[in-house]
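Here are the chains, one letter per residue:
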Amino acid sequence: MPLPFQIIYILNVITAIFFVGYKILFSKEQMKKLLFFISLLGIFTIVISNFITREINVLIFLIVLFILFYYFIRNILLTALLFMVIYMFNFAGQTLVFDIIPKFTNTSVFEMPPFTIALLCLVYYTVVLILLYFFYLLQKKTQFYSVFNAAIKKYYTYSICLLIGFYIVNAFHFFFTYDSSAEFIFSLFFIWFYTINGIIIAVFFIKSELNQRKLSNLAIRAKKIKTQAENVQNFKHDYKSLLLSLALYIKNDQKEEALSLIQYESEYFDTQVLESDDDALLNIELAPIRGLLKVFLDKCKEQKIPYKLSIPDKVPNVDMNLIDFIRCFSIVLNNALEASASSQEPQIYLDIKNLDDDLVFTVTNNVDDSSRIDTSRIVKKNFTTKESHKGRGLFILFKLMNKYENTQISIQAKDDTFIVNLEIRNQSFI
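Treat the numbers as computed from the prediction; the structure is a model and nothing was measured. (Residues numbered from 1 in each chain as written. Predicted model: local features only at pLDDT ≥ 70, side-chain atom pairs only at ≥ 80, totals over all residues. Heavy atoms only, no water.)

### Re helix H12 (residues 322-341)
1) Next: Its 20 residues place the ends of H12 28 Å apart at the C-alpha level, agreeing with the 28 Å of an ideal helix rising 1.5 Å per residue.
2) Next: With a side-chain oxygen lying 3.0 Å from the backbone nitrogen of Asp 324, the N-terminal cap of H12 falls on Asn 321. (Helix = DSSP H or I, 4+ residues; strand = E, 2+ residues; numbered from the N terminus. Expected span 1.5 Å × (residues − 1). Polar contact = N/O pair within 3.5 Å; in protein donor to acceptor, adjacent residues only side chain to side chain.)

As structure tokens, this is what we get:
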């Protein structure tokens, strides 16, 4: 490989690491050390390039690069994916310059004049910069790294298998003898396909873990509510006895004993007894939904937003995917909370009931008088009436609900009131 290409390769790796990791994965000091070691590694590989083949040289560089990444990140899955992303970006420019252009021009890079080599180096560097810019925009929009940092599981087995497969497909590409350009180009695209799918599958694993953790947390909260409610029922049985004891203390002029009993009852109610709306949540038999509603009601209390909750019927299940329903209901509840917070007279009404085998969730909230809501526009992607919002909430809500034939959603805007109805038909009666 000509020396200019070796230098631009090292420069691209350094640029890519700085672009995707500075102040996100690596601190300023870590970045300085990492780039210093990579520069030394680059110089070392250039020196030994005259004594070993290009393929072995690249293999040594990649193995040491992965070790350096893991030393600073200490997360094997994120290290593997970052390593593959940086390699993939470099590989795109490298493939274009070293492989595709020479194949179509029937000219080896070793035979090209200095001006052509300089031009190809510029193309190589530009391609990598463009890909890095798109990755930066993707990371900014999706918070790509935060997904992996939120994971608790280490995914050692998947990470090792991913890396082994990655080295195998690359070794196959570099060492296999191709009979035609079509076979060679297919090999190039297979490396891209493997890398991209490896990242997608990793994201799927982690998002599944986070969804399960969210459901588990909601279930734990719901279990706590149920325990409190059972304590209330137990307390009711003993309440008459407590009142009788209190009456006897007062009759016998035992004031200290009476005051102690009153204080005990007060503390017990503060810690064990539910409010009426919490008691109504027991009609929701699905723990994750009960927990979600409890979290929402706590937020209303925290923000001092008045609310009314009505759940007159038992809700044993919802006939749609539970995670999809929680996403939909969360969007409706969050929108109601945010809209009420900006209203002059905030108020939220929650009504959950069974109507002729249909489960109907109705959320009504007051909105700012000055806000004119166009119901035909608010469900469109990127439309929002709130500052610094992406405007995807109701769009995602409608998209999720439309996946199911047994669901229906409607929205209404009347003066200073906004109403959302989620209707789920029991499929066993369809």
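Once you've had a look at it, read on.
### Here's the deal with the pairing of strand S4 (residues 407-414)
1) Next: As judged from the eight bridges shared by S4 and strand S5 (residues 417-425), these two strands associate in the antiparallel manner. Within S5, the residue paired with Ala 413 across the bridge is Phe 418.
2) Next: Joining the antiparallel neighbours S4 and S5 is a turn of two residues, in which Asp 415 adopts a positive phi near 50°. (Pairing = 2+ DSSP bridges.)

### Details of the packing of aromatic side chains
1) Next: Applying the stated criterion to the full structure yields 13 aromatic pairs.
2) Next: Considering the side-chain rings of Tyr 71 and Phe 72, the 5.1 Å spacing of their centres and the 90° angle between planes classify their relative orientation as edge-to-face.
3) Next: The exposed category is assigned to Tyr 71, whose relative accessible area is 52%.
4) Next: Members of the aromatic cluster, connected to one another through ring pairs, are Phe 66, Phe 83, Tyr 87, Phe 166 and Tyr 167. (Phe/Tyr/Trp six-rings, centres within 6.5 Å; stacked < 30°, edge-to-face > 60°. Buried < 20%, exposed > 50% of the residue type's maximum accessible area, 1.4 Å probe, protein only.)

### Remarks on a positive patch on the surface
1) Next: A contiguous patch of positive charge on the surface is contributed by Lys 207, Lys 214, Lys 299, Arg 327 and Lys 399.
2) Next: Summarising the element assignment, Lys 399 is placed in helix H13 (residues 393-401). (Patch = residues over 30% accessible without salt bridge, like charges linked within 9 Å, V, L, I, M, F, W, Y side chains within 5 Å. Areas by Shrake-Rupley, 256 points an atom, 1.4 Å probe, with all protein chains shown as cover. Salt bridge = Lys/Arg side-chain N within 4 Å of Asp/Glu carboxyl O. Lys, Arg positive; Asp, Glu negative; His and termini not counted. Charge placed at Lys NZ, Arg CZ, Asp CG, Glu CD.)

### Regarding the pattern of salt bridges
1) Next: Tallying each qualifying case throughout the model produces four salt bridges.
2) Next: Residue Lys 32 is joined to Glu 29 by a salt bridge in which the shortest nitrogen-to-oxygen separation is 3.9 Å. With Lys 32 and Glu 29 both in helix H2 (residues 28-48), this residue pair falls three residues apart, about one helical turn.
3) Next: Of the residues examined, Lys 32 reaches a relative accessible area of 48% and is grouped as partly exposed.

### A short note on the sheet that holds S4
1) Next: Ordered in space as S1-S2-S3-S5-S4, the five strands form an open sheet in which the pairing is mixed. In the strand order of this sheet, the two ends are held by strand S1 (307-310) and S4, each with one partner. Across the sheet, the axes of successive neighbouring strands diverge by a mean angle of 10°, strand direction being ignored.
2) Next: Packed on one face of the sheet, helix H11 (residues 287-302) meets S1 and strand S2 (348-355) and runs near 155° to S2.
3) Next: Contacts from H12 reach S2, strand S3 (358-366) and S5 within the one sheet, and its direction differs from that of S3 by about 20°. (Axes fitted to C-alpha atoms, helices over the stretch in contact; angles between N-to-C directions. Contact = heavy atoms within 4.5 Å.)

### A short note on the packing of helix H3 (residues 54-73) against helix H7 (residues 156-175)
1) Next: With their axes 11 Å apart at the nearest point, H3 and H7 run at an angle of 165° to one another. Between H3 and H7, the angle falls in the class roughly antiparallel. H7 is crossed by H3, and the crossing has right-handed handedness. In contact with Arg 54, Glu 55, Ile 56, Leu 59, Leu 62, Ile 63 and Phe 66 of H3, H7 contributes Leu 163, Tyr 167, Phe 174 and Phe 175.
2) Next: Of the residues contributing to the contact of H3 with H7, the split by class is nine nonpolar, no polar and two charged. (Parallel < 35°, antiparallel > 145°, perpendicular 65-115°, else oblique. Left-handed = near helix turned anticlockwise from the far one by under 90°. Nonpolar A, V, L, I, M, F, W, Y, C, P; charged D, E, K, R; others polar.)

### A look at the environment of Lys 299
1) Next: Structurally, the position occupied by Lys 299 is in helix H11.
2) Next: A C-alpha to C-alpha distance of 8.3 Å links Lys 299 and Leu 337, two positions 38 residues apart in sequence.
3) Next: When residues no more than four places from it in sequence are discounted, the contact partners of Lys 299 are Asn 334 and Leu 337.

### So, unusual backbone geometry
1) Next: Residue Lys 304 is not a glycine yet carries a positive backbone phi of 60°.
2) Next: Within the secondary structure, Lys 304 sits in the loop between H11 and S1.
3) Next: Accessibility expressed as a relative area gives 70% for Lys 304, which makes it exposed.

### Section: the confidence of the model for the protein chain
1) Next: In the predicted model, the protein chain carries a mean pLDDT of 76, and 75% of its residues have values of at least 70.
2) Next: The spread of mean pLDDT over the elements of the protein chain runs between helix H9 (residues 255-272), the lowest at 59, and S3, the highest at 90.
3) Next: Throughout residues 270-274 the model reports pLDDT below 50, and contacts reaching past four residues in sequence, or to other chains, amount to 11 contacts.
4) Next: pLDDT under 50 marks residues 379-391. Its contacts with residues more than four places away, or in other chains, come to 21 contacts. (pLDDT = per-residue confidence, 0-100.)

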